[in-house]
Amino acid sequence: MAQELYPVTSIFPPNAVPNTLPTPLSILNAIADPILVKDHAGHWVYVNDACCHLLGCSAADLLADSGQRAWQGDNFLELQTAQQQAIATGLTQEEELSVQDSAGQTRTLAVKISLLRGENKQLFLIHTLRDMTRRVEAEQQLQRQSRRERLLGAIAKHLLQSLSPEHILGRSMEELRRFLDVDRVLFYSCRPEHTGVVAEAAIAERRILKVETTHALTFQAEELDQFRQGELKVVEQLEVSEFASAQHEILRGLNVQAYVAIPVIQGAALLGLICVHDCRRSRTWLPWEIEALKDVATQIGSAIAQADLYGQVRQLNSELESQVAHRTKQLQQALDFEATLKRITDRVRDSLDETQILQTAVEELTGALGARGSNTALYDLEQEISTIFYEHNQSLPSAQGKVAQMKAFPEVYHQLLAGQYFQFCSIKPHPNRGYVSMLACPIRDDRGVLGDLWLINAEDYGFEDPEIRLVQQVANQCAIAIRQARLYQESQAQVKELERLNHLKDDFLSTVSHELRTPVTSMRVALQLLGVTLNQEFDLNSELLKPKTSQNRLARYYQVLKEECEREISLINDLLDLQRLDGGNHPINPQSIDIESWLKGIANTFQERAQSRTQSLMIELPETLPRLISDQASLERVFAELLNNACKYTPPGERITVAAIATGGEELKITVANTGVEIPAAELPRIFDKFYRVPSTDPWKQGGTGLGLALVQKLLMHIGGEIEVTSKAKKTSFTVTLPLSMWTVGNRE
């Protein structure tokens with residue numbers, strides 16, 4: 001459909017000077033796209049600022065020559081053809097043309113030609129330009145990249161299909177020749193004598209000179225060094241290149257006009273050269289072509305190295321196959337040795353008899369190694385002697401029980417005592433054994449050498465590493481087993497001695513306690529009579545309390561004797577009770593106990609003592625508590641001891657609390673806690689041991705025997721209860737857990 005034509009008389013008034021900007025025309029300068037206007041005769045009558053910037057010329061220069069500098073050659077003809085087509089059809093025409101700017105740079109432009117007609121039927125051609133240079137360059141770059149990737153893909157495919165160097169090179173050279181559209185691509189294999197021999201060649205079907213595989217090039221040493229460093233040689237015109245004369249003549253003989261040589265390197269080795277020949281013309285080698293050549297050289301280098309490795313692998317495979325039988329034999333031997341070691345280890349580990357341990361070791365080793373004989377000796381390092389303890393011989397004379405002085409054979413025992421094994425063969429025949437080979441291995445652990453193991457075999461026999469390792473491992477197991485047996489014997493002796501001492505101690509304590517009980521009881525009776533006599537003599541109890549009187553001193557002395565006597569009686573009773581508890585014959589008298597009244601009664605006996613020390617003693621009990629069926633006498637001793645300790649170790653001004661709670665099951669928990677004092681965590685596990693007292697927790701030096709808490713624990717265990725202690729944040733709590741009925745405990749047991 002024909003384009004609508006707009007009058008332009010208002011834009012281009014008659015006789016207007018070209019590019020003089022009437023007011024309506026100034027709008028074209030605001031458009032970002034370059035715009036130029038021609039009349040029907042092809043003269044440029046207007047260009048906007050964007051067009052001047054694109055072409056790099058001023059408006060005056062462009063209008064003066066009507067853009068002939070920009071449009072040249074074929075581009076000018078194509079543009080004229082499009083303009084004529086626009087005039088003839090009245091339709092918008094589009095062309096893609098190349099133009100040179102003022103800097104000489106070639107730009108690709110998309111030109112859109114629109115036709116405008118004025119009122120006087122004068123025609124104007126509006127040219128809208130768009131710079132397509134970057135897009136075209138990108139497309140060309142993508143095309144080159146695509147061609148390059150296709151080339152590399154084709155070569156990679158050939159590399160994957162074959163590991164033959166000849167096949168790899170032949171197909172790769174042909175792909176490269178087609179890619180570059182050249183006459184000849186050669187691969188020269190480099191040799192140590194500075195020559196390169198054609199290994200593969202790809203030649204066009206055009207009638208050019210063939211290259212024989214015997215064809216060779218000679219390189220100078222520095223030239224090869226350059227190739228090894230990855231440098232390449234690019235010749236665009238052979239006649240003006242700086243080739244050595246010999247190479248120049250060879251290339252001229254091959255009609256080479258342009259030439260490229262790319263080194264093929266793998267690691268630090270120069271494997272060869274890829275040489276590209278163009279025999280038709282001089283040629284400018286483009287950078288992307290050179291990059292493609294480099295990539296191909298890298299691929300070929302890797303492929304050649306891989307093919308070489310494949311050849312080496314095949315050779316190694318043949319060698320490995322020859323080693324399989326030997327390895328299989330070694331593996332079977334290792335499995336047999338492992339089974340032997342496990343069998344020996346299991347037998348000696350479960351034994352505490354040194355004779356059986358050594359007998360097992362020598363018998364199993366002799367059979368496993370096929371030795372003529374073996375023996376084992378134990379050392380007496382104090383007397384410096386070695387005694388053959390056990391032997392196992394097939395045909396050799398017996399040496400069991402033989403004693404050797406270590407000093408007589410220093411070259412042997414020096415190494416053995418140092419923990420080193422050794423093997424040797426006889427230089428002179430032994431009177432009984434003749435010529436033999438021997439392996440000696442120490443039986444040692446981390447504490448020293450205990451003895452040795454000897455293996456005896458034929459004179460030409462050499463013990464191999466697996467056999468030596470087996471002997472060493474067996475020797476180590478023997479050392480562990482012997483040390484274990486000796487430690488067991490020592491521990492058994494110590495246990496018997498400790499049991500004997502414990503019985504003596506128990507007998508002593510029982511005897512002493514019984515012997516002391518009678519005189520101390522007599523002392524108590526005597527003190528009671530003394531108290532009665534003093535009261536009758538003075539008949540004034542109040543006078544005994546008056547200070548600075550003889551009566552007061554007598555009362556104080558009497559009180560000291562009475563307290564110390566009671567203390568001794570308590571100690572003797574504790575010892576006897578512990579003895580009965582250990583023997584399991586402590587009497588038990590279960591009865592029903594009202595917890596509330598019973599606990600209050602015990603606590604009230606300590607109220608006066610707590611007040612005298614400015615301590616507060618509190619009882620915290622719930623409204624209702626179940627009745628307890630237990631041995632009341634034992635419980636009274638338990639809580640009397642706990643309250644006594646609480647009063648003894650609680651600082652003035654602190655609090656002592658007695659609390660009880662039923663757990664909702666069949667148990668009752670009673671806690672005696674005091675504040676202001678803390679038992680170190682490291683001491684808690686030992687506070688229930690006999691005669692143990694926590695250091696640094698008695699600043700008042702009130703003394704004690706360390707039997708109280710031990711007796712508490714024993715009594716609670718006897719009646720089915722438990723006790724635990726916690727001490728932190730300046731608070732110590734003893735919690736006693738009791739079954740509500742001792743009969744329930746008996747039924748559960």
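Q: Got a minute to help me understand the side chain of T735 in this structure?
A: Topologically, T735 is positioned in strand 24 (residues 731-739). Taking the relative accessible area as the measure of exposure, T735 reaches 14% and is therefore buried. Reaching out from T735, the side chain makes a polar contact with the side chain of T671 at a distance of 3.3 Å.

Q: Explanation requested: unusual backbone geometry in the structure shown.
A: The bulk of non-glycine residues show a negative phi, and the bulk of peptide bonds are trans. A positive phi is found at T614, a non-glycine position, where the angle reads about 55°. With respect to the secondary-structure elements, T614 resides in the loop between helix 14 (607-612) and strand 19 (616-620). At A729, a position not held by glycine, the phi torsion is positive, near 55°. When you line up the elements, A729 lands in the loop between strand 23 (722-728) and strand 24.

Q: Can you walk me through helix 9 (residues 354-369) in this structure?
A: Note on helix geometry: an α-helix contains 3.6 residues per turn, so any two residues three or four positions apart are oriented the same way. With 16 residues, helix 9 extends 23 Å between its outermost C-alpha atoms, agreeing within 8% with the 22 Å of an ideal straight helix rising 1.5 Å per residue. Considered for burial, the residues of helix 9 that qualify are E354, I357, L358, T360, A361, V362, E364, L365, T366 and L369. Between a side-chain oxygen at the N-terminus of helix 9 and the backbone nitrogen of T355 the separation is 3.0 Å; the capping residue is D353. In the segment just after helix 9, G370 is the residue with positive phi, at about 65°.

Q: Any chance you could explain the pattern of salt bridges here in plain terms?
A: Oppositely charged side chains are able to pair whenever their charged atoms sit close together. All chains considered together, the criterion is met by 17 salt bridges. With its nearest N and O atoms 3.2 Å apart, the salt bridge here joins E364 to R347. One end of the pair, E364, is in helix 9; the other, R347, is in helix 8 (residues 287-349), and 17 residues separate them in sequence. Owing to a relative accessible area of 15%, E364 belongs among the buried residues under this scheme. With a shortest N-O distance of 3.0 Å, R486 and E354 are connected by a salt bridge. One end of the pair, R486, is in helix 11 (residues 465-538); the other, E354, is in helix 9, and 132 residues separate them in sequence. Taken together, the shared-partner salt bridges connect D181, D183, D278, R280, R281, R283 and E289 into one network.

Q: Just checking my understanding: could you explain the packing of aromatic side chains for this structure?
A: The description of two aromatic rings rests on the distance between their centres and on the angle between their planes. With the rule as written, the count across this model stands at seven aromatic pairs. Aromatic pair F422 and F424: ring centres 5.9 Å apart, planes at 20°, arrangement stacked. Here F424 falls in the partly exposed class, since its relative accessible area comes to 34%. Centre to centre, the rings of W598 and F639 are 5.6 Å apart; their planes meet at 85°, and the pair counts as edge-to-face. Here the residue W598 occupies a position in helix 13 (residues 595-604), and F639 occupies one in helix 15 (residues 632-649), the gap between them amounting to 41 residues. Classification of W598 by relative accessible area gives buried; the value is 7%. Taken together, the ring pairs connect F422, F424 and W454 into an aromatic cluster.

Q: Can you walk me through the side chain of Q93 in this structure?
A: Residue position: Q93 is located in strand 3 (residues 93-100). Under the relative-accessibility criterion, Q93 is labelled buried at 18%. In this structure, Q93 is in contact with A82, Q85, A86, V111, K112 and I113, ignoring residues within four places of it in sequence.

Q: What is the right way to read helix 10 (residues 410-417) from this model?
A: When helix 10 is considered as a whole, its buried residues turn out to be V412, Y413 and L416. Buried residues of helix 10 fall within an arc of 80° about the axis and therefore sit on the same side. Residues of helix 10 that are exposed and angled more than 90 degrees away from the buried face: E411 and H414. Elements that come into contact with the buried residues of helix 10 comprise strand 12 (373-380), strand 13 (385-393), strand 14 (403-405), strand 15 (422-425), strand 16 (436-445) and strand 17 (448-458). G419 lies just past helix 10 and shows a positive phi near 80°.

Q: Quick question: what am I supposed to make of the packing of helix 13 against helix 15 here?
A: The relative placement of two packed helices comes down to the angle between their axes together with the axis-to-axis distance. Packing of helix 13 against helix 15 brings their axes to within 10 Å, and their N-to-C directions diverge by 45°. Judged by the angle between their axes, helix 13 and helix 15 are oblique. The handedness of the crossing between helix 13 and helix 15 comes out as right-handed. Of the residues in helix 15, those in contact with W598, I602 and A603 of helix 13 are Q632, L635, E636, F639 and L643.

Q: How do you make sense of the nonpolar core when you look at a structure like this?
A: As a rule of thumb, soluble globular proteins bury nonpolar side chains together. Core analysis: the largest hydrophobic core is formed by 39 residues, its most contacted members being L635, F639, L642 and L716. Within the residue set of this core, elements represented by two or more residues are helix 13, helix 15, strand 21 (655-662), strand 22 (667-675), helix 16 (708-718), strand 23 and strand 24. Looking at this core element by element, the count peaks at seven residues for helix 15. Not counting residues within four places of it along the chain, the set of residues in contact with F639 comprises W598, I602, I670, V672 and V736. A361, C441, I468 and C478 belong to the second-largest nonpolar core, a separate cluster that totals 30 residues.

Q: Hey, could you run me through the pairing of strand 21 in this one?
A: Along any regular strand, the residues point their side chains to alternate faces of the sheet. Pairing between strand 19 and strand 21: five bridges, direction parallel. The residue of strand 21 that forms the bridge with M618 is T657. Pairing analysis gives seven bridges linking strand 21 to strand 22, with the strands arranged antiparallel. Counted as the bridge partner of A662 is L668 from strand 22. Linking strand 21 to strand 22, which pair antiparallel, is a turn of four residues; within it G664 sits at a positive phi near 90°.

Q: Looking at this structure, how should I read the environment of T663?
A: With respect to the element layout, T663 can be found in the loop between strand 21 and strand 22. When the C-alpha atoms of T663 and T737 are compared, they prove to be 9.6 Å apart, with 74 residues separating the residues in sequence. Here E667 takes part through its backbone oxygen, which lies 3.3 Å from a polar atom of the side chain of T663.

The rules behind each value
- Chains are numbered independently. Their residues run from 1 in the order of the written sequence.
- Local features in this predicted model are restricted to residues of pLDDT 70 or higher, and side-chain atom pairs are both shown and tallied only at a pLDDT of 80 or more, whereas totals for entire chains, interfaces and linings draw on every residue.
- The basis for every side-chain value is the complete set of non-hydrogen atoms in the structure, without hydrogens or water.
- We count a stretch as a helix when DSSP gives it H or I for four or more residues in a row; a strand needs E for two or more, and each element gets its number in order from the N terminus.
- Relative accessibility decides the category of a residue: with a 1.4 Å probe and only protein chains considered, values under 20% of the type maximum give buried, values over 50% give exposed, and everything between is partly exposed.
- We define a polar contact as two N or O atoms separated by no more than 3.5 Å, with the added condition that, inside protein, one atom must be a possible hydrogen donor and the other a possible acceptor, whereas residues neighbouring each other in sequence contribute only through side-chain atom pairs.
- For a helix, the expected span equals 1.5 Å multiplied by the residue count minus one.
- Salt-bridge detection follows one rule: a side-chain nitrogen of Lys or Arg within 4 Å of a carboxyl oxygen of Asp or Glu.
- Stacked, tilted and edge-to-face are the three classes assigned to paired rings of Phe, Tyr and Trp, where Trp is represented by its six-membered ring and a pair needs centres within 6.5 Å; plane angles under 30 degrees give stacked, over 60 edge-to-face, the rest tilted.
- The contact criterion used is simple: two residues touch if any of their non-hydrogen atoms lie within 4.5 Å.
- Note that the arc is defined by the directions from the helix axis to the C-beta atoms.
- Angles shown run from 0 to 180 degrees and are taken between the N-to-C directions of axes, each axis being a line fitted to C-alpha atoms and, for helices, limited to the stretch in contact.
- Small angles under 35 degrees read as roughly parallel and large ones over 145 as roughly antiparallel, with 65 to 115 read as roughly perpendicular and the rest as oblique.
- The handedness criterion is simple: a crossing whose near helix is rotated anticlockwise from the far helix by less than a right angle is left-handed, and one whose near helix is rotated clockwise is right-handed.
- Among buried residues, those of type Ala, Val, Leu, Ile, Met, Phe, Trp, Tyr and Cys that are joined through side-chain atoms within 4.5 Å constitute a nonpolar core.
- Two strands make a pair as long as DSSP finds a minimum of two bridges between them.

Function cannot be inferred from these measures alone, as they are strictly geometric.
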